[in-house]
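# A closer look at the structure
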Protein chains: 2
Amino acid sequence: MRRVVAGPEIERLIQLLSKLPGLGPRSARRAALHLVKKREELMQPLTAALGDALEKIVVCDTCGNIDTRNPCMVCADETRDHSLLVAVENVADLWALERAGAVNGRYHVLGGTLSALDGIGPDDLNIASLISRAHEPEVKEVVLALSATVDGQTTAHYITDLLRDADVKITRLAHGVPVGGELDYLDEGTLSAAIRQRTLF
Amino acid sequence: MRRVVAGPEIERLIQLLSKLPGLGPRSARRAALHLVKKREELMQPLTAALGDALEKIVVCDTCGNIDTRNPCMVCADETRDHSLLVAVENVADLWALERAGAVNGRYHVLGGTLSALDGIGPDDLNIASLISRAHEPEVKEVVLALSATVDGQTTAHYITDLLRDADVKITRLAHGVPVGGELDYLDEGTLSAAIRQRTLF
């Protein structure tokens with residue numbers, strides 16, 4: 001005997017919340033109850049913030065970042081080094097690099113990696129626009145900040161091939177020991193790379 | 001160097017999402033990106049569902065359940081056994097019992113348990129209204145379906161005292177081995193209770 005516990009509006013809210021990454025059916029119920037309990041402090045502001053974002057968020061035509069303006073904050077920032085172009089897989093990676101404050105250049109969001117298994121080819125990604133931006137005279141270096149996975153590296157090689165005749169330096173992220181990481185838990189590939197690419201103390 | 005990654009609207013959305021139980025700052029960012037990516041399928045419906053719920057959700061005057069109508073679906077259900085009143089700590093517990101289809105009576109949401117540590121006294125809970133409902137002539141049994149914690153049991157004892165002169169049977173949930181649970185992992189208290197309250201096979 002399985003009963004519907006609450007009205008259809010609440011059931012629908014729970015069902016939609018459960019589609020967020022990190023929330024399953026049980027935590028979606030908890031979240032819905034929490035929202036109802038914190039009506040003024042959380043539910044109203046969240047509803048407003050979602051509506052606001054829904055109305056204003058756009059994808060940057062230049063780099064593929066999401067923002068409420070186009071071009072986005074990063075592309076519009078004139079203090080950034082226009083000679084450095086960092087290709088990333090997705091917006092989450094762009095944000096991660098920005099949070100680290102690691103990049104003072106601009107970005108290009110590919111929208112994924114090439115994947116034979118998932119049927120993702122070059123035309124499904126923003127590769128043509130990257131090649132075109134890499135040919136702009138001010139660009140001197142393209143960093144392929146892609147995952148160290150097979151698909152990520154396949155994509156990096158593919159792009160490197162296309163950029164052969166462009167007058168840019170092509171670089172990739174260093175392999176090595178994560179900061180705070182213990183050697184004991186690292187795989188052999190990372191350890192060998194960390195030894196090979198060792199730096200002066 | 002800590003940069004703001006996106007416009008204030010997105011930052012605000014992330015900040016509010018991170019206040020949901022089960023979502024931290026990192027998963028709130030993931031959720032926000034997921035929402036933006038699934039604009040039509042998820043972000044729009046979720047915004048609408050939140051607005052809808054915000055507008056319609058009310059607390060049931062009778063039992064304290066939340067629903068879009070007052071009295072709530074459970075209280076309004078005439079097929080339920082009006083002689084059985086189940087007191088629960090919160091709406092989540094009510095929903096859990098409803099999902100289990102374990103109760104064919106009605107509920108009373110106390111809104112928590114007595115707690116000397118948190119300064120929660122009888123007046124902070126819906127105890128007076130429970131006592132009043134328990135005195136209705138149709139009510140024959142009050143189940144105190146409270147947590148098997150010190151605070152839960154203190155609350156149960158307190159309510160039992162107040163109901164001494166009411167003409168109702170007062171019961172509580174059985175202790176025992178959870179269905180699918182392994183004896184090896186259970187504490188001694190549960191095991192002794194399960195033995196004491198053993199039933200015929």
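As a starting point, this report considers the structure included with it.

## Thoughts on the overall build of chain A
What chain A contains, in helices and strands, is 8 helices and 6 strands. When the helices and strands of chain A are listed from N to C terminus, the series reads α-α-α-β-β-α-β-α-β-α-β-α-β-α. Overall, the C-alpha framework of chain A stretches about 65 × 45 × 40 Å when taken along its three principal axes. Taking the contacts inside chain A whose residues are at least 6 apart along the sequence as the reference set, 46% of them involve residues at least 24 apart. Accessible surface, chain A as shown: approximately 11,100 Å² in total, 54% of it carbon and sulfur. Looking at charge distribution, chain A has the averaged site of its 22 positive side-chain charges lying 9 Å from that of its 28 negative ones.

## Brief notes about the relation of the copies chain B and chain A
Once chain B is rotated about the relating axis by 180 degrees and shifted along it by 0.0 Å, it coincides with chain A to within an RMSD of 0.1 Å. Those values place the two copies in the arrangement expected of a two-fold rotation axis. For chain B, the minimum C-alpha distance to the rotation axis belongs to threonine 47 of chain B and amounts to 2.9 Å. Comparing interface residues between copies, 100% of those in chain B also sit at the interface in chain A, which points to an isologous, same-surface contact.

## As for helix H3 (residues 39–56) of chain B
For H3 of chain B, with 18 residues, the first-to-last C-alpha span of 24 Å sits near the 26 Å given by 1.5 Å per residue. When we look at burial in H3 of chain B, the residues that qualify are Leu42, Met43, Pro45, Leu46, Thr47, Ala49, Leu50, Ala53 and Leu54 of chain B. In the core, the buried residues of H3 of chain B are packed alongside helix H1 (8–17), helix H2 (25–37) and helix H3 (39–56) of chain A together with helix H1 (8–17) and helix H2 (25–37) of chain B.

## Topic: the side chain of arginine 133 of chain B
All names here are of chain B. Considering the arrangement of structural elements, one finds arginine 133 in helix H6 (residues 127–134). Glutamate 136 is the oppositely charged side chain nearest to the buried, salt-bridge-free arginine 133, at an N-O distance of 4.9 Å. The contacts of arginine 133, once residues within four sequence positions are left out, are Thr62, Cys63, Leu85, Arg106, Tyr107, His108 and Val139.

## Remarks on the environment of leucine 54 of chain B
Counting through the fold element by element, leucine 54 of chain B comes out in helix H3. When neighbours within four sequence positions are excluded, leucine 54 of chain B is seen to be in contact with Arg39, Met43, Gln44 and Thr47 of chain A.

## Brief notes about the pairing of strand E4 (residues 106–109) of chain B
All names here are of chain B. Because side chains alternate across E4, one face comprises the buried residues Arg106 and His108, and the other comprises Tyr107 and Val109, equally buried. Taken together, the 4 bridges between strand E3 (residues 84–88) and E4 define a ladder with parallel strand orientation. Following the sheet pairing, leucine 85 is matched in E4 by arginine 106. A crossover links E3 with its parallel partner E4, the connecting element being helix H5 (residues 91–100), and its sense is right-handed.

## Section: the sheet that holds E3 of chain B
All names here are of chain B. Strand order in this open sheet of 4 strands is E4-E3-E5-E6, and the pairing throughout is parallel. Only two strands of the sheet have a single partner each, and these edge strands are E4 and strand E6 (169–172). Geometrically, the sheet is characterised by an average inter-axis angle of 25 degrees between neighbouring strands, direction not taken into account. Where strand E5 (residues 141–144) lies against E6, 4 bridges are found, and the strand directions are parallel. Considered in E6, the bridge of valine 143 is made with threonine 171. Packing of H5 onto the sheet brings it into contact with E3 and E4, and relative to E4 it is tilted by some 160 degrees. Here H6 sits on the sheet in contact with E3, E4 and E5, set at roughly 155 degrees to E4.

## Examining the interface of chain B and chain A
Listed by partner, the interface residues are 55 residues for chain B and 55 residues for chain A. Between chain B and chain A, the buried area comes to about 5,700 Å², and carbon and sulfur atoms account for 71% of it. There are 2 salt bridges connecting chain B and chain A. For lysine 56 of chain B, the salt bridge is made with glutamate 9 of chain A, and the minimal N-O distance between the two is 3.4 Å. Counting every contact that joins chain B to chain A gives 9 residue pairs in polar contact (both at pLDDT 80 or more). Those elements that provide at least two residues to the side of chain B that touches chain A are H1, H2, H3, strand E2 (66–67) and H5 of chain B. Here the side of chain B that touches chain A takes 14 residues from H3 of chain B, the largest share from any one element. Along the lines of polarity and charge, the residues of the side of chain B that touches chain A split into 32 nonpolar, 9 polar and 14 charged.

About the criteria used
Residues numbered from 1 in each chain as written. Chains lettered and ligands numbered in written order. Predicted model: local features only at pLDDT ≥ 70, side-chain atom pairs only at ≥ 80, totals over all residues. Heavy atoms only, no water. Helix = DSSP H or I, 4+ residues; strand = E, 2+ residues; numbered from the N terminus. Contact = heavy atoms within 4.5 Å. Areas by Shrake-Rupley, 256 points an atom, 1.4 Å probe, with all protein chains shown as cover. Lys, Arg positive; Asp, Glu negative; His and termini not counted. Charge placed at Lys NZ, Arg CZ, Asp CG, Glu CD. Least-squares fit on C-alpha atoms with pLDDT ≥ 70 in both. Expected span 1.5 Å × (residues − 1). Buried < 20%, exposed > 50% of the residue type's maximum accessible area, 1.4 Å probe, protein only. Salt bridge = Lys/Arg side-chain N within 4 Å of Asp/Glu carboxyl O. Pairing = 2+ DSSP bridges. Right-handed = clockwise from strand over helix to strand, strands pointing away. Axes fitted to C-alpha atoms, helices over the stretch in contact; angles between N-to-C directions. Buried area = accessible area lost by both parts, 1.4 Å probe. Polar contact = N/O pair within 3.5 Å; in protein donor to acceptor, adjacent residues only side chain to side chain. Nonpolar A, V, L, I, M, F, W, Y, C, P; charged D, E, K, R; others polar.

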